[in-house]
Amino acid sequence: MPMSLHRLALPLALIGALSTACSSASSSGASPDKTASIAKGPLSGICPSTVVIQTDWLATAERAAAYQLVGPNGKVDAKKGSYSGPLGSTGVNVEVRLGGPSIGFQPPSAQMYQDKSIYLAYVATDVAIQSQAKFPTTAVVAPLNIDPQIIMWDPATYTINSWTDVARTKAKVLYTEGLSYMDALVAKGLVTKDQKDSSFDGTPSRFVAEKGKVMQQGYASNEPYRWEHDVTSWKKPVKYLLVHDAGWPVYPQGLAVRSGELSKDSACLKKLVPMIQKAQADYIKDPSATNATLVKIATEIPGGPPVTAAGNANAVTVMKQLKIVANGPSGTLGTFDPARVDASIALLKPIFKAKGVTVPDGLKASDLVTNEFIDPSISLG
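Residues numbered from 1 in each chain as written. Predicted model: local features only at pLDDT ≥ 70, side-chain atom pairs only at ≥ 80, totals over all residues. Heavy atoms only, no water.

Draft legend 1. Layout of helix α10 (residues 288-300). With 13 residues, α10 ought to run about 18 Å at 1.5 Å a step, and its terminal C-alpha atoms sit 19 Å apart, in line with that. Three or more residues of α10 are buried, namely T290, N291, T293, L294 and I297. The arc enclosing the buried residues of α10, seen along the axis, measures out at 155°, which places them on a common side. The inward-facing, buried residues of α10 contact α2 (64-70), β2 (75-77), β3 (82-86), α9 (262-285) and α11 (309-321). (Helix = DSSP H or I, 4+ residues; strand = E, 2+ residues; numbered from the N terminus. Expected span 1.5 Å × (residues − 1). Buried < 20%, exposed > 50% of the residue type's maximum accessible area, 1.4 Å probe, protein only. Arc of directions from axis to C-beta. Contact = heavy atoms within 4.5 Å.)

Below, the structure is given as structure tokens:
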């Protein structure tokens, strides 16, 4: 599907439904095998009766667009690891499924091929490139403009002003095995092979135990605030560098369909994608209700890092300040820049090849993403 931008002519009924969907929903839940009984609407018979969205991690502010679609009155299913409810008055339901431990840490691109009830999945550009030979996906909207991934450190231990300073410290950099950006940093000479330490377990334990003498991965919109305010054994500021600023051009959470079903899904996507755009814009404008939902989900589905109201509020502030959520080059929220996607392919293809991963010859941006269904009138104010 070629990259393109065009205005979608939304019928009045859909515009009204979109407004309702992004502000509230009824309290009944939904699942693919037992859909809530709701009135006919503009998505009835066009989209699946339950639009299943598979996320790539737990319910956090970076993934809020999906939860905003459901609204504050959805149903938490702890056993299934999901949050669901009617999509306003559109006539369909949305079921948001948590990723990470909820799906055995499977990449969403692989999960959506194992479970065909999944309609959309959060698939980062690097994951899409890595999976394309076996699990081809096409992303249709980008709720996040740049990757919030960071490397963070204790400023009382290390003085770092730019990425060129990281290797000089010789400090171990803790990360989770399989994250492609670490290989990219090594390939660029910004982190040495000796610095790589893939033992990061998602907790502050090693960072605290070593009194800040190690660096570690994180999200700009998460760990720095938590380490300073919530980690009782630390409670000091940290500093960080965005991996994006090291020349990491990937889109971290494009919402994608199975590539072979893009044409079949197009009628639904023409109406659904603008709703996702608007959900993200509405969340950034007023995140309070959805942030409360994220706390509720974390309470009812325990096991992940602490999620707090103050942390969620800070996450939105950081995402706005750093343009993690921002309009694309055309001034539209949710678009892909094909040049960035092509740059991602050029960066990662030799890295994956060295690991024995097959990347299709001639792979290009239009194989991985499309702006076809984007409404160019939707933007952040």
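On we go.
Draft legend 2. Seen up close, the nonpolar core. I53, L120 and L269 are the most contacted members of the largest nonpolar core, which totals 66 residues. Considering each element in turn, this core owes the most residues, 11 residues, to α9. Residues A128, Y175, F336 and L348 belong to the second largest nonpolar core, which totals 45 residues. (Core = buried A, V, L, I, M, F, W, Y, C linked by side-chain atoms within 4.5 Å.)

Draft legend 3. Representation of the sheet that holds strand β12 (residues 254-258) in the model. Strand order across the open sheet formed by seven strands is β2-β3-β4-β1-β5-β12-β6, with mixed pairing between neighbours. Two strands in the sheet have a free side with no partner beyond their single neighbour: β2 and β6 (137-141). This sheet shows a mean twist of 30° between the axes of neighbouring strands, independent of strand direction. In this structure, strand β1 (residues 50-54) lies alongside strand β5 (residues 118-123), joined through three bridges in parallel fashion. Bridged to Q54 within β5 is A121. (Pairing = 2+ DSSP bridges. Axes fitted to C-alpha atoms, helices over the stretch in contact; angles between N-to-C directions.)

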